[in-house]
Amino acid sequence: MVANNPLFSGRWTLKKFNATVVNDIWPEVLFFTGVATAVSVVTMLKVKDLGIGSSLLTVLGTVLGLVISFRTSSAYERYQDGRKMWTNINTASRNLGQLIWIHVPLGREDKGLQRRQTNLESIIEKKSIMNLLQAFPVAVKHFLRNEQGVYYEDLYPLISFLPRYANGQPHDSDRLPLWHTHPEDNRDEEELNEKPREPVNHDRGETLVENSKPNSRSSSRLGVKKRKDNFDPEAALPDVESDVRLKPARDPPKTTVYDFIPLLRFFRWVIRVLLKKARPGEARHRKYKAHVESNVPLEISLFLANYTAFLMRAGLVQPAVATALQGNLGILQDTLSNLERISNTPLPFAYQAHLRMSLWLYLLFLPFQVVTQMEWITIPGTAFASFLLLGFLEIGQEIENPFNYDLNDLDLDHFCLDIQRQLHEITAHTSPDPSEFVFSPLNQPFAPADKRSAAELVALGENYATPENDAPLGTNSIRRTMVRSWKTVDMLTRKAY
């Protein structure tokens, strides 16, 4: 299975090249091609023979090829591990949703830790927990992308009802870890405090933010961008109020000229160093703003664990169901730890630097070793070798952390939306009694040997007879029908080759 080609899907722009490694390696390829050109011109015009022995060419090329292959393989293994972990989140979320929605009873009486609760109240309770379950993968997505806090358009509406203070009273000293804000959010709060206004109603029906007023439907969204299509999944979320501006659900870094010409990053770094030397005291007087960053997925899982503990204390679920709930919660926690390990454990810098420098030296001396045999073909040969080896090296570096916004990264937004659709499909299940649909006239349980409907079979009572009436009535006829069904299915489902 090959991934979709992003180069020719949708409107074509230069940004499409971000899906390849051309933007990252072309300066190096151009440099080594220039070296090969200079070596070829000097040697072929008889100015000076720059050719050297090629005894090390085969050995070093083989070693570098193996090392680069190992580098790419290890990076792709991390990529596949990340995808497997998201599959685990999908499966565990689905299992927890089914257990909560189907096995937690509705009508409750005052008994033990239970309190009297109507069916509507019980459904509201379970649907709220399902929203928390939906919020968990969204929180994991932002956590892996190093996007701190809960004030995002796709996360905050799902968890806004959770308690904010330890003692129930609004006091900064009692603010729970989940609601500690990031410095950027603090800056937004300071801006709001300068001009007091009422909390904003975050309606998702519109996506235009430009020139918004305090009580406009989307005035809390950051930026002034307007979607080019009608795809707005946040419109399916609740409309809630917040005193802090909600950041967009997807906020990739802006594409700059440095992405297309990486060489300019070196000059930018030089300019910054020179400016720091020109103003040496500036860096010493930077303001430091302490803040606390909570682990949002962990906080959400704590509320889910608290709910399962309540169900077990109140005796609302059977022991087998309680064990399944605890097991799937453990899978979510274990998966979060593995995803954090993949995201926060890069390849050691010494290994990356030594491998890249070794490859540079190999490509630098490559034209000197082949110019005698290849002559002018040295130029395209060196260009191709540089493109090939540097490309594989860059691919390994790009997919090493597959949770960002690159076109080759995992589509975490798609995974979260898929889980959202599945959880809502679970809540649409009405949990009917089996007798409501099993004995339907549309049901033919004994097909293909007996294609009478369930209603017709029930009308026969205990004296069931095969359609051929070739067996004693009752159980014997049922058994013969089952055997005939097996023979018919076995014959019709085997393809003759």
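Everything numeric in this text was worked out from a predicted model, so none of it was measured.

What follows deals with the overall build of the protein. When helices and strands are tallied, the protein shows 15 helices and two strands. Sorting the 497 residues of the protein into buried and exposed places 37% on the buried side. For the protein, long-range pairs separated by at least 24 residues make up 69% of all intrachain contacts whose partners lie at least 6 apart in sequence. Counting only carbon and sulfur atoms, one obtains 59% of the accessible surface of the protein, whose full area is about 30,300 Å².

The next point concerns a nonpolar patch on the surface. A cluster of nonpolar side chains, Val 22, Trp 26, Leu 30 and Phe 387, forms an exposed patch at the surface whose accessible area comes to about 360 Å². If you tally residues by element for the nonpolar patch, the top one is helix 1 (residues 22–44), at three residues. Among the structural elements, Leu 30 can be located in helix 1.

Mapped onto the fold, Lys 141 is located in helix 3 (residues 119–144). Classification of Lys 141 by relative accessible area gives buried; the value is 2%. Within the structure, Lys 141 has its side chain in polar contact with the side chain of Asp 413 (distance 3.0 Å). Excluding residues that lie within four positions of it along the chain, Lys 141 makes contacts with Trp 86, Asp 154, Ala 249, Leu 412, Asp 413 and Cys 416.

For the coordinates displayed, the defined rule picks out twelve salt bridges. Across the pair Asp 413 and Lys 141 runs a salt bridge, and its minimum N-O distance is 3.0 Å. Linking Asp 413 in helix 12 (residues 412–427) with Lys 141 in helix 3, this pair joins segments that are 272 residues apart in sequence. Here the two residues Asp 413 and Lys 141 agree in accessibility, since each one is buried. Among the ionic pairs, Asp 413 bridges to Arg 145, the shortest N-O distance being 3.2 Å. Remark: Arg 145 occurs in the loop between helix 3 and helix 4 (156–159) and Asp 413 occurs in helix 12; sequence separation between them is 268 residues. Each of the two residues, Asp 413 as well as Arg 145, counts as buried. Through salt bridges with shared partners, a single network forms among Lys 141, Arg 145, Asp 154, Arg 250 and Asp 413.

What follows concerns the packing of helix 3 against helix 9 (residues 319–344). Two elements in contact, helix 3 and helix 9, have axes separated by 10 Å at closest approach and are oriented at 15°. Between helix 3 and helix 9, the angle is such that the two are roughly parallel. Crossing handedness for the pair helix 3 and helix 9: right-handed. Note on element contacts: helix 9 touches helix 3 through Leu 332, Leu 336, Leu 339, Glu 340 and Ser 343, opposite Leu 133, Phe 136, Val 140, Phe 143 and Leu 144. Here the contact of helix 3 with helix 9 is built from residues that sort into eight nonpolar, one polar and one charged.

Residues Trp 86, Leu 155, Ile 159 and Ile 300 are the most contacted members of the largest nonpolar core, which totals 61 residues. Secondary structure elements with two or more residues in this core: helix 2 (55–103), helix 3, helix 4, helix 8 (296–313), helix 9 and helix 12. Ranked by the residues each element gives to this core, the list is headed by helix 3, at eleven residues. Counting residues in each nonpolar core, the second largest holds 17 residues, with Phe 32, Leu 57, Leu 359 and Leu 390 among its members.

Conventions adopted
- Residues numbered from 1 in each chain as written.
- Predicted model: local features only at pLDDT ≥ 70, side-chain atom pairs only at ≥ 80, totals over all residues.
- Heavy atoms only, no water.
- Helix = DSSP H or I, 4+ residues; strand = E, 2+ residues; numbered from the N terminus.
- Buried < 20%, exposed > 50% of the residue type's maximum accessible area, 1.4 Å probe, protein only.
- Contact = heavy atoms within 4.5 Å.
- Areas by Shrake-Rupley, 256 points an atom, 1.4 Å probe, with all protein chains shown as cover.
- Patch = residues over 30% accessible without salt bridge, like charges linked within 9 Å, V, L, I, M, F, W, Y side chains within 5 Å.
- Salt bridge = Lys/Arg side-chain N within 4 Å of Asp/Glu carboxyl O.
- Polar contact = N/O pair within 3.5 Å; in protein donor to acceptor, adjacent residues only side chain to side chain.
- Axes fitted to C-alpha atoms, helices over the stretch in contact; angles between N-to-C directions.
- Parallel < 35°, antiparallel > 145°, perpendicular 65-115°, else oblique.
- Left-handed = near helix turned anticlockwise from the far one by under 90°.
- Nonpolar A, V, L, I, M, F, W, Y, C, P; charged D, E, K, R; others polar.
- Core = buried A, V, L, I, M, F, W, Y, C linked by side-chain atoms within 4.5 Å.

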